[in-house]
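As a plain string of letters, each chain reads:
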Amino acid sequence: MRLVARALVAAAALVCAWPAARASASQHVHVVRPGETLASIAQVYYGDPRRESVLVAENGLTTQGGAAIVVGMRLIVPWVTHHVVQEGETWSELADRFFGDSRRAFLLIEANDGTAGDQPDVGSELVVPYPLRHVSGQNDTLRRVSQLYYGDDGMAHLRTLRRFNNLRSLRLARGQVVLAPLVDLVLSEDGRRLIQEQTGRAVTGGEMRELQQQIEEQLPHLREHVRRGRFAEAVALGNRLLGAGRLTGNQVVTIQRELGTAYVALRREDLAVAAFREAIDRQPDLELDVARTSPTVLRAFERAKREPSERPPAAEDAGPAD
């Protein structure tokens, strides 16, 4: 019993930080209209009627289905937020800010395909999972909670639930609060449009992340162009990617490094130096593989390290190389 009590106290300590994260999350108040059910409202905002379970938990309802709501009732409709990484921010700091505990950094790392050994990339737009608050009922278990909010993937998320809530047992006490972090709680196009019509403000967030993911998918093609000697194609692709703007710091470094090599091969050392300098401005400890890099490329790179930059380092947006 003492072990159970200590586990509950530890879990409660983590959950107590929940209101701060909740207050910063994106939410909309929907007023129930005639003929609506929780399932139909979930369909409109999320494109999935099964998300009614989210509305039930978020609004402290006890049952699912149309009988749980009445016309004129005000329902909170939540969704995930996004955050653009600033200089010096760490996974632990962001987890403490959004989830109230730095130990929850693992969730941000997993949700954004990061690694524990590296800090988030400056300029990248992160998805911040929504910490949904579930109050356990009679004979409730963590396994049931996982299946309720994650569906067929419930078992795969069971470990995440235990770790996020610092729980050792799958059994839950009646009234015990469990936070279920939802990564894919995104608004549908209809939901975004309805919120804009009702509030006069557009729902934003995630567009930059999608663009950055698309650019990330193009980087292997850029490297392949350079590796196979298709330097004109590499220059065209690299500048097109830079022209998209809002790249992460690492993406800019990668593109400029490949452009530098391509420009040297095209006998434009001036442009190569400018590209390498841009990469070095953003990553001062950048080095090239001496064993695998040609002397001409190394010479341009060393020149870029010696010559002063003509622009402020780490500019927010990257444009085409001059």
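Keep in mind that this is a model prediction, so the values were computed, not measured. (Residues numbered from 1 in each chain as written. Predicted model: local features only at pLDDT ≥ 70, side-chain atom pairs only at ≥ 80, totals over all residues. Heavy atoms only, no water.)

Asks: Hey, could you run me through the overall build of the protein chain in this one?
Replies: Secondary structure assignment for the protein chain yields 14 helices and six strands. Counting all 322 residues of the protein chain, 46% fall into the buried class. Long-range pairs, those at least 24 residues apart, make up 67% of the contacts in the protein chain between residues at least 6 apart in sequence. As displayed, the protein chain offers around 16900 Å² of accessible surface, 50% of which is attributable to carbon and sulfur atoms. (Helix = DSSP H or I, 4+ residues; strand = E, 2+ residues; numbered from the N terminus. Buried < 20%, exposed > 50% of the residue type's maximum accessible area, 1.4 Å probe, protein only. Contact = heavy atoms within 4.5 Å. Areas by Shrake-Rupley, 256 points an atom, 1.4 Å probe, with all protein chains shown as cover.)

Asks: What am I meant to see in helix 11 (residues 231-243) here?
Replies: Given 3.6 residues per turn, any residue in an α-helix points the same way as the ones three and four places further on. When the terminal C-alpha atoms of helix 11 are compared, their 18 Å separation across 13 residues agrees well with the 18 Å that a helix rising 1.5 Å per residue should span. Looking at the buried positions of helix 11, the neighbouring elements they touch are helix 10 (207-227) and helix 12 (249-265). Downstream of helix 11 by a residue or two, glycine 245 has a phi angle that is positive, lying close to 75°. (Expected span 1.5 Å × (residues − 1).)

Asks: Would you mind going over the environment of glutamate 125 with me for this structure?
Replies: Residue position: glutamate 125 is located in strand 4 (residues 125-128). A C-alpha to C-alpha distance of 5.0 Å links glutamate 125 and arginine 209, two positions 84 residues apart in sequence. Sequence-distant contacts of glutamate 125, defined by excluding residues within four places in its chain, comprise His82, His83, Val84, Asn112, Gly205, Gly206, Glu207, Met208, Arg209 and Gln212. Only 3.1 Å separates the side chain of glutamate 125 from the backbone nitrogen of methionine 208, close enough to count as a polar contact. For glutamate 125, the side chain forms a polar contact with the main-chain nitrogen of arginine 209, separated by 2.6 Å. (Polar contact = N/O pair within 3.5 Å; in protein donor to acceptor, adjacent residues only side chain to side chain.)

Asks: Would you explain the side chain of histidine 83 in this entry?
Replies: In this structure, histidine 83 sits in strand 3 (residues 81-84). Using a relative accessible area of 14% as the deciding quantity, one classes histidine 83 as buried. Engagement of the side chain of histidine 83 in a polar contact is seen with the side chain of glutamate 89, the distance being 2.8 Å. In this structure histidine 83 touches Glu89, Leu94, Arg97, Phe98, Ser124, Glu125, Leu126 and Val128, once residues within four positions along its chain are discounted.

Asks: Which parts of the structure should I look at to understand the side chain of threonine 248?
Replies: Among the structural elements, threonine 248 can be located in the loop between helix 11 and helix 12. Setting aside anything within four residues of it in sequence, one finds threonine 248 in contact with Asp121, Val122, Gly123, Ser124 and Gln212.

Asks: Just checking my understanding: could you explain the confidence of the model for the protein chain for this structure?
Replies: Overall, the prediction assigns the protein chain a mean pLDDT of 87, with 86% of residues at 70 or greater. Here residues 1-25 scores under 50 on pLDDT; set against residues more than four positions off or in separate chains, the count is 32 contacts. (pLDDT = per-residue confidence, 0-100.)

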